[in-house]
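# A closer look at the structure
Now for the letters of each chain:
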Amino acid sequence: MKLITVGSVAFDAIETPFGKTDKIVGGAGTFISLASSFFVENQGLVSVVGEDFPEETLNYLTKKGINIDGIQIKKGEKTFFWSGRYHNDMNSRDTLITELNVLGSFDPVIPSAYQGADYLMLGNLSPEVQRQVIERLDQRPKLIAMDTMNFWMDIALDELKKTMALIDVLIINDEEARQLSKEYSLVKAAMVIREMGPEILIIKKGEHGALLFHGEDIFFAPALPLEEVFDPTGAGDTFAGGFMGYIAATGDTSFENMKRAIIAGSALASFCVEKFGTERLTEITKQDFDERVSRFVSLANFEMNQLA
Ligand code: AMP
């Protein structure tokens, strides 16, 4: 197996200025593995759902080459439920409801078929659970990436730091980087955060792109200026899944390849926001992807004339 993803598989109810959904399928693990399935055939998902979770979605994941033996189905229990409302700027949102349900007692189980995987993507979950997954692998993967959020910095900073000491790539947003490092400058923040463990840091800046800190090198990837953002839910997870899927498929963790992986993740994230939930992710063709990547290339490509 190439890649293991750990993350929530959930029901979401979303309100944006453009509309509202009832419970639809969401969850960080769902977005991540659907995005990485664009590049990787042999991957596994570790998660937990309740008896209420639709079998057809689990079948769909399998169809996408995602092994779901690592998803526990808890009889008589309910799936994690999250509800959020976006503000008019679509950049900020309020969490309306978080019902942990099965996620509250999540005890990750790694199926034997997953052992020996080269790449591990830890979706946003309690840092203790993220660490348990690392500890339950017989062999350390070549590259471990992790997402987290301000919530864990507020309530479980020590646990978070213990997990961060074990990973290679941290993927967070600018606000989280500032909170974690207590530095406003993102360059200074990156130095402080990399001292905590991850050698490689990716700072997402929403509609303003993403920064990659790798060795002595820094890369900036733009985000596509989109006419319409319909629902940003899962964009960060899709970015992470696209990034890690690309790395796992190419098996190359050099700076040059990580630049390409960031563009791959950014391109998939730019699709994700066009419809509610995971819907758009299920429609993208290779041609759609290639066209979007070429828009990224031309967006940041220029030649400077010599001054006379
Ligand atoms: P993002 O928009 O990238 O922050 O991710 C949104 C997804 O994260 C939604 O589909 C939610 O189901 C999921 N989510 C929200 N809160 C949590 C949480 N506390 N733990 C795990 N997953 C969550």
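From a predicted model like this one, the values you see are computed outputs, not experimental measurements.

Time to look at the nonpolar core. Proteins that are soluble and globular tend to have nonpolar side chains buried together. Membership of the largest hydrophobic core comes to 53 residues, with the highest contact counts inside it found for Val169 and Phe243. No other element matches the 11 residues that helix α9 (residues 255-272) contributes to this core. If you look at the next biggest cluster of nonpolar residues, it comprises 42 residues, including Phe80, Ile193, Met196 and Leu211.

Turning to the pattern of salt bridges, a few remarks are in order. As enumerated under the stated definition, the model contains 14 salt bridges in all. Salt-bridge contacts for aspartate 118 lead to lysine 142; the nearest nitrogen and oxygen are separated by 3.9 Å. One end of the pair, aspartate 118, is in the loop between β9 (93-99) and β10 (119-122); the other, lysine 142, is in the loop between α3 (127-135) and β11 (143-147), with 24 residues separating them in the sequence. For glutamate 274, the salt bridge identified is with arginine 280, shortest N-O distance 2.7 Å.

Another point: the site of the ligand. Around the ligand, 16 residues are found, and the nearest of them are Ser8, Asp12, Gly27, Gly234 and Asp237. Here serine 8 contributes a side-chain N or O atom positioned 2.8 Å from a nitrogen atom of the ligand. Where the shell around the ligand is concerned, the elements lending two or more residues are β2 (10-16), α1 (28-36) and α8 (235-250). Partitioning the shell around the ligand into residue classes produces 6 nonpolar, 7 polar and 3 charged.

Here the focus is α8. The terminal C-alpha atoms of α8 lie 22 Å apart, and with 16 residues this matches the ideal 22 Å at 1.5 Å per residue to within 8%. Of all 16 residues making up α8, 13 are buried, and the element is well covered by its neighbours. The first or second residue beyond α8 is glycine 251, which carries a positive phi of 65 degrees.

Attention now moves to a nonpolar patch on the surface. A grouping of Val187, Met191 and Ile218 is seen on the molecular surface, where their side chains present a nonpolar patch of about 290 Å² in accessible area. Its place among the elements puts isoleucine 218 in strand β15 (residues 217-221).

Now for the side chain of threonine 79. By the secondary structure assignment, threonine 79 is in the loop between β7 (71-74) and β8 (81-86). In this view, threonine 79 contacts Val9, Ala10, Phe11, Val49, Gly50, Asp52, Phe53, Glu99, Asn101 and Val102; residues no more than four positions away in its chain are not counted.

What follows covers the side chain of serine 47. Looking at where serine 47 falls in the secondary structure, it is placed in strand β5 (residues 43-50). Assessed through its relative accessible area of 0%, serine 47 is described here as buried. Engagement of the side chain of serine 47 in a polar contact is seen with the backbone nitrogen of valine 9, the distance being 3.3 Å. Once residues lying within four places of it in the same chain are set aside, the contact partners of serine 47 are Gly7, Ser8, Val9, Gly70, Ile71, Gln72 and Phe106.

Right, let's talk about the pairing of strand β1 (residues 3-6) for a bit. With burial as the criterion, each face of β1 is covered, one bearing Leu3 and Thr5 and the other bearing Ile4 and Val6. Note: β1 against β5, 4 bridges, orientation parallel. Bridging across to β5, isoleucine 4 finds its partner in glycine 44. Here β1 runs beside β10; their pairing, made up of 4 bridges, is parallel. In the strand pairing of β10, valine 6 is matched with leucine 122.

Time to look at the packing of aromatic side chains. Within this structure, the stated rule accounts for 8 aromatic pairs. Judged by centre distance (5.5 Å) and plane angle (40 degrees), the ring pair of phenylalanine 11 and phenylalanine 53 falls under tilted. One end of the pair, phenylalanine 11, is in strand β2; the other, phenylalanine 53, is in the loop between β5 and α2 (55-63), with 42 residues separating them in the sequence. Note on accessibility: phenylalanine 11 and phenylalanine 53 belong to one class, buried. With 4.8 Å between their ring centres and 75 degrees between their planes, phenylalanine 151 and tryptophan 152 make a pair best called edge-to-face. We classify phenylalanine 151 as partly exposed; its relative accessible area is 40%. Put simply, the rings of Phe38, Phe39, Tyr246 and Phe289 pair up and form one aromatic cluster. Of note, arginine 178 hangs over the ring of tyrosine 184, and the distance from its end group to the ring centre comes to 3.9 Å. Positioned above the aromatic ring of phenylalanine 271, the side-chain terminus of arginine 292 is 3.9 Å from the ring centre.

Conventions used here
Residues numbered from 1 in each chain as written. Predicted model: local features only at pLDDT ≥ 70, side-chain atom pairs only at ≥ 80, totals over all residues. Heavy atoms only, no water. Core = buried A, V, L, I, M, F, W, Y, C linked by side-chain atoms within 4.5 Å. Buried < 20%, exposed > 50% of the residue type's maximum accessible area, 1.4 Å probe, protein only. Helix = DSSP H or I, 4+ residues; strand = E, 2+ residues; numbered from the N terminus. Salt bridge = Lys/Arg side-chain N within 4 Å of Asp/Glu carboxyl O. Near = heavy atom within 4 Å. Polar contact = N/O pair within 3.5 Å; in protein donor to acceptor, adjacent residues only side chain to side chain. Nonpolar A, V, L, I, M, F, W, Y, C, P; charged D, E, K, R; others polar. Expected span 1.5 Å × (residues − 1). Patch = residues over 30% accessible without salt bridge, like charges linked within 9 Å, V, L, I, M, F, W, Y side chains within 5 Å. Areas by Shrake-Rupley, 256 points an atom, 1.4 Å probe, with all protein chains shown as cover. Contact = heavy atoms within 4.5 Å. Pairing = 2+ DSSP bridges. Phe/Tyr/Trp six-rings, centres within 6.5 Å; stacked < 30°, edge-to-face > 60°. Lys NZ or Arg CZ within 6 Å of the ring centre and 35° of its normal.

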